[in-house]
Amino acid sequence: MGLSAAAPLWGAPGLLLTIALHLALSLRPAQAWAPVHRDYCVLGAGPAGLQMAYFLQRAGRDYMVFERAPGPGSFFMRYPRHRKLISINKRYTGKTNAEFNLRHDWNSLLSHDPRLLFRHYSDAYYPDASDMVRYLSDFAERLGLHVLYNTTIAHVTLNKDRGAWNGHYFILTDHRGQAYQCSVLLVATGLSVPNQVDFPGSEYADGYESVSVDPKDFVGQNVLILGRGNSAFETAENIFSVTNFIHMLSRSRVRLSWATHYVGDLRAINNGLLDTYQLKSLDGLLESDLTDLAIVKDHQGKFHITLKLFMEAGNQSSDAIPLPQDDNDNFAMRVAYDRVIRCLGWKFDFSIFSKSLRLSSGSELSKKYPLVRASYESKGSRGLFILGTASHSVDYRKSAGGFIHGFRYTVRAVHRLLEQRHHGVAWPSTKHPITHLASAIIRRINEASGLYQMFSVLADVVLLKENATVFEYLEEFPMQMLAQLETITGKRARHGLFVINMEYGRNYSGPDKDVFFSDRSVGHMEDAWLSNFLHPVIYYYRHLPTEQEVRFRPAGWPLPRPWALHHVVEDFLTDWTAPVGHILPLRRFLENCLDTDLRSFYAESCFLFALTHQKLPPFCQQGYLRTQGLVGTESLRQHGVESGLLWDSAITGQRQGASEQQPGDHGPGGHPLAPGPPVSPFSSNKEEL
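Residues numbered from 1 in each chain as written. Predicted model: local features only at pLDDT ≥ 70, side-chain atom pairs only at ≥ 80, totals over all residues. Heavy atoms only, no water.

1. Let's talk about the overall build of the chain
Here is step 1: Of regular secondary structure, the chain possesses 21 helices and 22 strands.
Here is step 2: A burial count over the chain gives 49% of its 689 residues as buried.
Here is step 3: Across the chain, contacts joining residues at least 24 apart in sequence account for 65% of those joining residues at least 6 apart. (Helix = DSSP H or I, 4+ residues; strand = E, 2+ residues; numbered from the N terminus. Buried < 20%, exposed > 50% of the residue type's maximum accessible area, 1.4 Å probe, protein only. Contact = heavy atoms within 4.5 Å.)

The structure is reproduced here in structure tokens:
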């Protein structure tokens, strides 16, 4: 019976059904596999991804880093094409303070391991990119970071779930079809798609990403480079000694980093072509909108520049297309070019992200960078954060957030935000007596690297406690998120606050500025507000600013107008420790804001204050009146005698033997006339005084 009942399964129709079921089960789509869950998913094992992995690991969080390449730092395996980094590796500063030295180390990531400083990987001031690859590999390996290599994430989307931390999970699907479910998504993929401008003949241009780096391939050639950034000048620097000439074409004037104070603009290490242009050695720079031009290739393989409107006039052959020099024989680009090279920078790869994530609005800037808030969280999807170079829209052409020496600190800020939001771990802080406020600020402005590199973006915040006797110090908070400080940090700001920031002078930076003009710096504290170079600025608010106040702050200001503002005068040595020029004005500013005296006093002075003032300085309240005692002096003893609080020792000695002394009798000031020696005026017990 069993065999006869099963027989139809193995008949012709049954056999086909069995084969179909087998194929369906064995070849089922990988999306049907149960997704692997991680609390935190990090896309990309470059510097930003590894930096976040370090913080997550130290906090003991559940995370995974996904990297498409077989090792970390895959960008640096190929770029920059000519292998020299423009991030400085200053190994000697004359200082031993590790935090200070990070101000001049633009390549190291943050860690607890002193072996993982970039200075141990290269002696060069501008290191080779291969050293960065080696450094990142060691960073990941020595710290045991969880990285899944050779894994390309092909698609990212949302799956709504009320039980998820943010009301949804992020679903990542890799090239094998394996799915991963993530509570928080941290995107650190950088900018990887070459910018291209679509105009007639643009296909004739070699891209920076693929053009030859061998100067021999350009010997005796006329070369046109499209672009005006470091990649364009880096390319020119490599070949200008062997070409006939190089012309560089871009829509905007050159932006020199020493004038703009933005490290992403043209650096001196790459600007040799400016010399040969201005000293009339055939090379040159031109400005024009590329979308108005066209490239024509003639029958000899040479390239000619013409106007786009000439191309649109008709379908002429290449030799018949009009050229500008036909009407203007002084046209600057009337020569033929042997090579055209496109060096227009990079943009973010949006292709793997579902439109439901709303990473781009379609605006010009959002085509280059994802849309993010000042907290580096996506504007379109809660729980999705952009890290590293791709987060640079927050401070584009303003600060260093697009570079390792800047985003190592913004990544740490994001991690601190996540710790408070999802694990109830408040933003790290320290509490101190109010008398230590000036010294705490002085220490940070002279040492802190995060403030120094992320000027006008990250700031220290001092929260005042009730009666302003104690303060709480928070480091490197995103300034534009100040209105949400309580939510982000888990701290309360109910009694006023100071914000400590580093700034350049507001009218000092720009591509058209002469930063070498005479009298460019100020040296007197009364002119501190006119300081041009990077210097500390302290904002005082009696109440936490509102979101509307932050949003509609004055143009060019990093924060709303404060109740009081103080500039610490710029210093040629960036050493703000001068007692008169730096510390005294700062202390007086703080005292005016707090309506108190922040000076330190000898115990004798505190004693005199106690006799003559109703309100004691905080130092005396926290020291002398907390039983820390007095240092005995003759003048202090005399003050006590004259005030009637202490006995004169000579009189006391005469009375010690007096037999008529009765128990309970009292002398002047209500002190017992005990037969023994009097209470020492220098006792550590305040009640005895």
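2. Some words on the state of the cysteines
Here is step 1: Tallying each qualifying case throughout the model produces two disulfides.
Here is step 2: Through a disulfide, Cys-41 is tied to Cys-182; the S-S separation comes to 2.0 Å. Where Cys-41 bonds to Cys-182 through sulfur, the torsion about that S-S bond is close to -80°, and the disulfide is left-handed. Placement of Cys-41 in strand β1 (residues 36-43) and of Cys-182 in strand β6 (residues 179-187) is noted, with a sequence separation of 141 residues between them.
Here is step 3: Judged by relative accessible area, which is 0%, Cys-41 ranks as buried.
Here is step 4: Between the sulfur of Cys-606 and that of Cys-620 lies a disulfide, 2.1 Å long from S to S. (Disulfide = S-S within 2.5 Å.)

3. Here we look at the pattern of salt bridges
Here is step 1: Throughout the structure, instances matching the rule amount to 24 salt bridges.
Here is step 2: Between Asp-174 and Arg-176 there is a salt bridge, with the nearest N and O atoms lying 3.6 Å from each other.
Here is step 3: Judged by relative accessible area, Arg-176 falls into the partly exposed class, the value being 46%.
Here is step 4: One salt bridge connects Arg-412 with Glu-476, and the closest N-O pair in it is separated by 2.8 Å. Separated by 64 residues along the polypeptide, Arg-412 in helix α12 (residues 404-423) and Glu-476 in strand β19 (residues 470-478) bring together distant segments of the chain.
Here is step 5: On the accessibility criterion, Glu-476 (2% relative accessible area) is buried.
Here is step 6: What emerges from the salt-bridge pattern is a single network uniting Arg-412, Arg-444, Asp-460, Glu-475 and Glu-476. (Salt bridge = Lys/Arg side-chain N within 4 Å of Asp/Glu carboxyl O.)

4. A closer look at the packing of helix α3 (residues 47-58) against α12
Here is step 1: Running from N to C, α3 and α12 cross one another at 35°; their axes reach a closest spacing of 9 Å. Relative to α12, α3 is oriented so that their crossing is right-handed. From α3, Pro-47, Ala-48, Gln-51, Met-52, Phe-55 and Leu-56 reach across to α12, where they touch Ile-404, Phe-407, Arg-408, Val-411, Arg-412, Val-414 and His-415.
Here is step 2: Class assignment for the residues of the contact of α3 with α12 results in nine nonpolar, two polar and two charged. (Axes fitted to C-alpha atoms, helices over the stretch in contact; angles between N-to-C directions. Left-handed = near helix turned anticlockwise from the far one by under 90°. Nonpolar A, V, L, I, M, F, W, Y, C, P; charged D, E, K, R; others polar.)

5. Thoughts on the side chain of Asp-39
Here is step 1: Looking at the secondary structure, you find Asp-39 in strand β1.
Here is step 2: Lacking a salt bridge, the buried Asp-39 has Arg-61 as its closest oppositely charged neighbour, with an N-O distance of 7.3 Å.
Here is step 3: When near neighbours in sequence (up to four residues on either side) are disregarded, Asp-39 contacts Asp-62, Trp-165, Cys-182, Ser-183 and Val-184. (Lys, Arg positive; Asp, Glu negative; His and termini not counted.)

6. A short note on the nonpolar core
Here is step 1: Within the largest apolar cluster, 117 residues are counted, with the highest numbers of intra-cluster contacts made by Leu-43, Leu-172 and Leu-186.
Here is step 2: Per-element accounting of this core gives the leading share, eight residues, to α12.
Here is step 3: With residues up to four places along the chain from it excluded, the contact list for Leu-172 reads Cys-41, Leu-43, Phe-66, Ile-153, His-155, Val-156, Gln-178, Ala-179, Tyr-180, Cys-182 and Leu-185.
Here is step 4: If you look at the next biggest cluster of nonpolar residues, it comprises 30 residues, including Ala-448, Tyr-452, Trp-576 and Leu-598. (Core = buried A, V, L, I, M, F, W, Y, C linked by side-chain atoms within 4.5 Å.)

7. Regarding the sheet that holds β19
Here is step 1: Strands sit in the order β17-β19-β18-β20-β21-β22 across an open sheet of six strands; the sheet is antiparallel. A strand with exactly one partner marks an edge of an open sheet, and here the two such strands are β17 (429-433) and β22 (564-567). Shown here is a sheet whose adjacent strand axes are inclined to one another by a mean of 20°, direction ignored.
Here is step 2: Bridging between strand β21 (residues 535-541) and β22 involves four bridges; their strand directions are antiparallel. (Pairing = 2+ DSSP bridges.)

8. Some remarks on the confidence of the model for the chain
Where the model shows low pLDDT, its predicted coordinates should not be examined in detail.
Here is step 1: The predicted model of the chain has a mean per-residue pLDDT of 86, with 84% of residues at 70 or higher.
Here is step 2: Segment residues 1-13: pLDDT under 50, and five contacts once partners within four positions in sequence are set aside and those in other chains are kept. (pLDDT = per-residue confidence, 0-100.)

9. What about helix α18 (residues 603-612)?
Here is step 1: Here α18 has its buried residues at Ala-603, Cys-606, Phe-607 and Phe-609. Burial along α18 is one-sided: seen end-on, the buried residues are contained in an arc of 160°. (Arc of directions from axis to C-beta.)

10. So, the packing of aromatic side chains
Here is step 1: Here the structure, examined in full by the defined rule, presents 32 aromatic pairs.
Here is step 2: Considering the side-chain rings of Tyr-54 and Phe-55, the 5.4 Å spacing of their centres and the 65° angle between planes classify their relative orientation as edge-to-face.
Here is step 3: With centroids separated by 4.8 Å and ring planes inclined at 35°, the aromatic side chains of Phe-498 and Tyr-540 adopt a geometry described as tilted. Separated by 42 residues along the polypeptide, Phe-498 in strand β20 (residues 497-503) and Tyr-540 in strand β21 bring together distant segments of the chain. For the pair Phe-498 and Tyr-540, a shared accessibility class is recorded, and that class is buried.
Here is step 4: Feature note: the residues Tyr-54, Phe-55, Phe-118, Tyr-121, Tyr-135 and Phe-139 constitute an aromatic cluster, connected by ring pairs.
Here is step 5: Lys-95 extends its terminal NZ or CZ atom over the ring of Phe-100, reaching a point 4.1 Å from the ring centre.
Here is step 6: Sitting over the ring of Trp-557, Arg-506 keeps its end group 4.1 Å from the ring centre. (Phe/Tyr/Trp six-rings, centres within 6.5 Å; stacked < 30°, edge-to-face > 60°. Lys NZ or Arg CZ within 6 Å of the ring centre and 35° of its normal.)

11. Looking at the environment of Leu-109
Here is step 1: Structurally, the position occupied by Leu-109 is in the loop between α5 (98-101) and α6 (129-142).
Here is step 2: Along the backbone, Leu-109 and His-405 are 296 residues apart, and their C-alpha atoms lie at a distance of 7.9 Å.
Here is step 3: Those residues in contact with Leu-109 that lie beyond four places of it in its chain are Pro-47, Leu-50, Gln-51, Leu-116, Tyr-135, Leu-136, Phe-139 and Ile-404.

12. Comments concerning the packing of helix α13 (residues 437-447) against helix α17 (residues 579-594)
Here is step 1: One way to put it is that α13 packs onto α17 with a least axis distance of 10 Å and a crossing angle of 130°. Relative to α17, α13 is oriented oblique. The two elements α13 and α17 meet at a crossing, and its hand is right-handed. Residues Leu-437, Ala-438, Ile-441 and Ile-442 of α13 lie in contact with α17, whose contacting residues are Ile-583, Leu-586, Leu-590 and Leu-594. (Parallel < 35°, antiparallel > 145°, perpendicular 65-115°, else oblique.)

13. What to know about the sheet that holds strand β8 (residues 206-207)
Here is step 1: Ordered in space as β8-β14-β9-β10-β11, the five strands form an open sheet in which the pairing is parallel. At either end of the open sheet lies a strand with only one pairing partner, and these are β8 and β11 (284-287).
Here is step 2: Two elements, β8 and strand β14 (residues 339-342), share two bridges in a ladder whose sense is parallel. Within β14, the residue paired with Gly-207 across the bridge is Arg-342.

14. Things to note about the pairing of β21
Here is step 1: Most of β21 is tucked away: seven of the seven residues are buried.
Here is step 2: Neither face of β21 is open: one carries His-535, Val-537, Tyr-539 and Tyr-541, the other Pro-536, Ile-538 and Tyr-540, and all of them are buried.
Here is step 3: With seven bridges joining them, β20 and β21 adopt antiparallel strand pairing. Bridging from a neighbouring strand, Leu-497 pairs with Tyr-541 of β21.

15. A word on unusual backbone geometry
Here is step 1: Cis geometry marks the peptide bond from Tyr-79 to Pro-80; its omega dihedral reads -5°.
Here is step 2: Turning to its location among the elements, Pro-80 is positioned in the loop between α4 (74-78) and α5.
Here is step 3: A positive phi angle, close to 50°, is found at Ala-468, a residue other than glycine.
Here is step 4: Positionally, Ala-468 belongs in the loop between β18 (458-464) and β19.

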